[in-house]
Amino acid sequence: MRLLIDQISMQQGRIVALEDEKKRRDEECGQLKALVKDLERRGLERLVDKVQVPVAAVVIMACNRANYLERTINSVFKYQGSVASKYPLFVSQDGSNPQVKSKALSYDKLTYMQHLDFEPVHADNPGELTAYYKIARHYKWALDNLFYKHNFSRVIILEDDMEIAPDFFDYFEAAADLLDKDKSIMAVSSWNDNGQKQFVHDPYVLYRSDFFPGLGWMLTRTTWDELSPKWPKAYPCCYFSLFFFSLGSSLGQFFQQYLAPIKLNDVPVDWKSRDLSYLIKDNYEKYFAEIVKKATPVHGENVVLKAHDIEGDVRIEYKDQSHFEIIARQFGIFNEWKDGIPRTAYKGVVVFRYQTPRRIFLVGPDSLRQLGIKDP
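Okay, so let's go over this structure. For clarity, every value in this text was computed on a predicted model and none was experimentally measured.

**Some thoughts on unusual backbone geometry**
- The phi dihedral of Asp339 is positive, around 55°, even though this residue is not glycine.
- Take Asp339: its relative accessible area is 72%, and that puts it in the exposed class.
- Residues other than glycine seldom take positive phi values, yet Thr344 does so here, at roughly 75°.
- Relative to the helices and strands, Thr344 resides in the loop between β10 (341-342) and β11 (350-354).

Spelled out as structure tokens, the structure:
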């Protein structure tokens, strides 16, 4: 009996030891499983990082200005480094200028495309510049390639004489979300025709516009699917009207008045952390109507002087195009119209800052009705 008791006691000791061993191995197994999951997660992150789905391709449209192209490429690379996989860079050259081609190919972090068009240009109207027809062909060729050959879902178009701001890529990433949510937005632009330093104040404010800005803009493949089949033979973008000057004007005068003073934003805005829902169509109409409604109406002559003497925002109504042009020239903003729409206008309203944070709203004859504002 004593021998049997000793054997049972020994077996029990072994059982306890085995249970302790099992517990220890279970703990080790749990630790190993956690380690494997962590390694898998890290490996997946690295894999996702390698196959990062781009936000948009960035294409610089070039022709025959190698020095301008170099400046634009360097400006893009200055801020693109940390987000290069999100914004692959392309240079699309129209023609065979050897300096431009050599300059583009000297960079190993971009893709070069060359558009060679030997088809004769037949202008629709006597005296038209054939360059506009060439530009239209180049744009269509480049965008067709980027959307249909390279299969990008969005493309950002830059001219070869532009520089970008520190918040450029963050802005377009936030804007891409807006494009996906609001199908009424045709394109997003980082350009403001009335963005001269004397007419801007707040780097955090964005606006909707019925006038296509045309410089530094992004569109989606869905939009291009609609535009590509009916792309015009010439003048594809409203901004080409930048090159139409009134009688007696010169390129130098135009540049000095409207382009040289453009304010390049130097504030690195974190656009992805900002609530941009006010730009959704239904929200924006209410938001914009409210700020226009609160502005102080100014009538009669000497509107610039009267606006200067008012503390807050000012609302000035124009009767027609010629009246708008008179007021715009007095303030110094763009006075051009295109297809019945003033530059930067929304519902006929052109907004800009004047000397202080004060906003000036130039309001069309039908703008208040469109915004649902009852004029007292």
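**Some points on the sheet that holds strand β3 (residues 111-115)**
- Strands sit in the order β3-β2-β1-β4-β6-β5 across an open sheet of six strands; the sheet is mixed. Among the strands making up the open sheet, the edge pair consists of β3 and β5 (188-189).
- Here four bridges tie strand β4 (residues 154-159) to strand β6 (residues 217-220), and the two strands are oriented antiparallel to one another. Paired with Val155 across the strands is Leu219, a residue of β6.
- Lying on the sheet, helix α3 (residues 98-105) is in contact with β1 (57-62), β2 (89-94) and β3; it crosses β3 at an angle near 160°.

**Notes on the sheet that holds strand β12 (residues 356-363)**
- The strand order across the open sheet formed by four strands is β7-β8-β12-β11, and the pairing between neighbours is mixed. Each edge of the sheet is formed by a strand with only one pairing partner; in this case those strands are β7 (296-298) and β11. The average angle at which neighbouring strand axes cross in this sheet is 30°, direction not considered.
- Bridge count between strand β8 (residues 314-317) and β12: four bridges; the pairing is parallel. Bridge pairing in β12 places Val314 opposite Ile360.

**A look at the packing of aromatic side chains**
- In the structure shown here, the tally under the stated rule is 22 aromatic pairs.
- Between Phe168 and Phe169 the ring centres are 5.1 Å apart and the planes differ by 90°, which places this aromatic pair in the edge-to-face class.
- In this structure Phe168 comes out as buried when scored by relative accessible area, which is 4%.
- Consider the rings of Tyr318 and Phe324, whose centres lie 5.0 Å apart with planes at 65°: the pair is edge-to-face.

**Some details on the pairing of β8**
- Two strands pair when backbone bridges link them, and β7 and β8 are joined in this way by three bridges, in the parallel orientation. Residue pairing in the sheet places Val298 in a bridge with Ile316 of β8.
- In this region the chain leaves β7, passes through helix α9 (residues 303-308) and returns to the parallel neighbour β8; the handedness of that crossover is right-handed.

**Topic: helix α10 (residues 321-331)**
- All of the buried residues in α10 are Phe324, Ile327, Ala328 and Phe331. One side of α10 carries all its buried residues, which in axial view fall inside an arc of 100°.
- Contacts made by the buried residues of α10 are with α9, β8, β9 (337-338), β10, β11 and β12.
- The positive-phi residue at the C-terminal boundary of α10 is Gly332, with phi of around 100°.

The rules we used
- Residues numbered from 1 in each chain as written.
- Predicted model: local features only at pLDDT ≥ 70, side-chain atom pairs only at ≥ 80, totals over all residues.
- Heavy atoms only, no water.
- Buried < 20%, exposed > 50% of the residue type's maximum accessible area, 1.4 Å probe, protein only.
- Helix = DSSP H or I, 4+ residues; strand = E, 2+ residues; numbered from the N terminus.
- Pairing = 2+ DSSP bridges.
- Contact = heavy atoms within 4.5 Å.
- Axes fitted to C-alpha atoms, helices over the stretch in contact; angles between N-to-C directions.
- Phe/Tyr/Trp six-rings, centres within 6.5 Å; stacked < 30°, edge-to-face > 60°.
- Right-handed = clockwise from strand over helix to strand, strands pointing away.
- Arc of directions from axis to C-beta.

Note that all results are geometric; they support no functional claim without further evidence.
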